[in-house]
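# Architecture at a glance
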Amino acid sequence: MTVSSAAVVPQDAPSIEVEAPHHAAAVEALVDRAFGPGRFAKSSERLRETNRKLDACSFVALRGGQVIGSVRLWPVTIGGKPAAFLGPLAVDSEQRSAGLGQSLVEAACAAAAKAGWSAVLLVGDAPYFSRIGFSAAPAAKVVMPGPADQRRVLLKALVPGGDEGFEGRVAVP
């Protein structure tokens with residue numbers, strides 16, 4: 001009997017793909033389920049409502065053709081300096097705790113690095129996102145548009161030194 005050295009992937013394992021236009025309605029429904037109507041009151045939403053997502057840096061997780069996870073990146077400036085803004089990250093409640101959110105964030109950050117972005121900004125849970133390389137320290141002087149817990153404003157360098165020198169208000173370019 002011959003055993004392959006390749007990892008065995010379950011047949012129903014989710015795939016991670018660049019978000020396509022036909023995924024948009026399912027992504028919106030997933031985000032609505034994950035965050036509810038309160039998401040529209042968050043300062044992060046101010047950066048998305050008049051912005052256009054970075055298509056090549058926004059991903060979905062699919063199982064059986066159904067969207068079970070999503071992450072989007074958006075262009076912003078911080079004191080005039082460009083950065084990619086991550087959010088929302090949403091994973092179907094029945095699919096959580098399997099590392100899917102982390103895989104989506106890693107795919108988005110890799111795509112952003114390939115596209116030439118130096119850093120990714122987000123507002124989120126520091127213990128969760130620190131595992132993926134995000135930190136509050138380089139974002140200490142970043143000012144979100146509206147109320148935000150500064151401890152949750154996090155940055156990740158995509159290139160050496162890419163998270164340095166960010167200071168000022170976050171805005172849509």
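Residues numbered from 1 in each chain as written. Predicted model: local features only at pLDDT ≥ 70, side-chain atom pairs only at ≥ 80, totals over all residues. Heavy atoms only, no water.

The name recorded for the protein chain in an unreviewed UniProt entry is N-acetyltransferase, from Caulobacter sp. 602-2.

### Structural notes on the overall build of the protein chain
Within the protein chain one finds 4 helices and 8 strands. When the helices and strands of the protein chain are listed from N to C terminus, the series reads β-α-α-β-β-β-α-β-α-β-β-β. Expected size for 173 residues packed as a compact globule is a radius of gyration near 16 Å; at 17 Å, the protein chain falls within 12% of this value. With the C-alpha coordinates aligned to their principal axes, the bounding extent of the protein chain is approximately 60 × 35 × 25 Å. The contacts of the protein chain with a sequence gap of at least 6 include a subset with a gap of at least 24, amounting to 68%. For the protein chain, the accessible area works out to roughly 9,100 Å², and carbon and sulfur atoms hold 56% of it. (Helix = DSSP H or I, 4+ residues; strand = E, 2+ residues; numbered from the N terminus. Rg over C-alpha atoms; globule rule 2.2 N^0.38 Å. Contact = heavy atoms within 4.5 Å. Areas by Shrake-Rupley, 256 points an atom, 1.4 Å probe, with all protein chains shown as cover.)

### Let's talk about the packing of aromatic side chains
Enumeration over the complete set of coordinates arrives at 2 aromatic pairs. Measuring from ring centre to ring centre gives 5.8 Å for F129 and F134, while their planes differ by 80°; the resulting arrangement is edge-to-face. The two residues F129 and F134 agree in class, both being buried. Over the ring of F166 we find K81; its NZ or CZ atom is 4.4 Å from the centre of that ring. (Phe/Tyr/Trp six-rings, centres within 6.5 Å; stacked < 30°, edge-to-face > 60°. Buried < 20%, exposed > 50% of the residue type's maximum accessible area, 1.4 Å probe, protein only. Lys NZ or Arg CZ within 6 Å of the ring centre and 35° of its normal.)

### Considering the pairing of strand β2 (residues 59-63)
Within β2, 4 of the 5 residues are buried, which leaves the element mostly enclosed by the surrounding structure. Strand direction decides the pairing type here: strand β1 (residues 15-18) and β2, joined by 4 bridges, are antiparallel. Paired with S15 across the strands is L62, a residue of β2. The turn linking β2 back onto strand β3 (residues 66-78) is made up of 2 residues, and G64 within it adopts a positive phi angle of 60°. (Pairing = 2+ DSSP bridges.)

### Examining the environment of V18
Looking at the secondary structure, you find V18 in strand β1. By relative accessible area, which is 41% here, V18 ends up partly exposed. A C-alpha to C-alpha distance of 9.5 Å links V18 and A111, two positions 93 residues apart in sequence.

### A word on the side chain of K53
With respect to the helices, strands and loops of the structure, K53 is situated in the loop between α2 (43-49) and β2. A polar contact of 2.7 Å, which involves the side chain of K53, links it to the side chain of D55. Beyond its immediate stretch of four places on either side in the chain, K53 contacts E19, S58, R72, L73 and W74. (Polar contact = N/O pair within 3.5 Å; in protein donor to acceptor, adjacent residues only side chain to side chain.)

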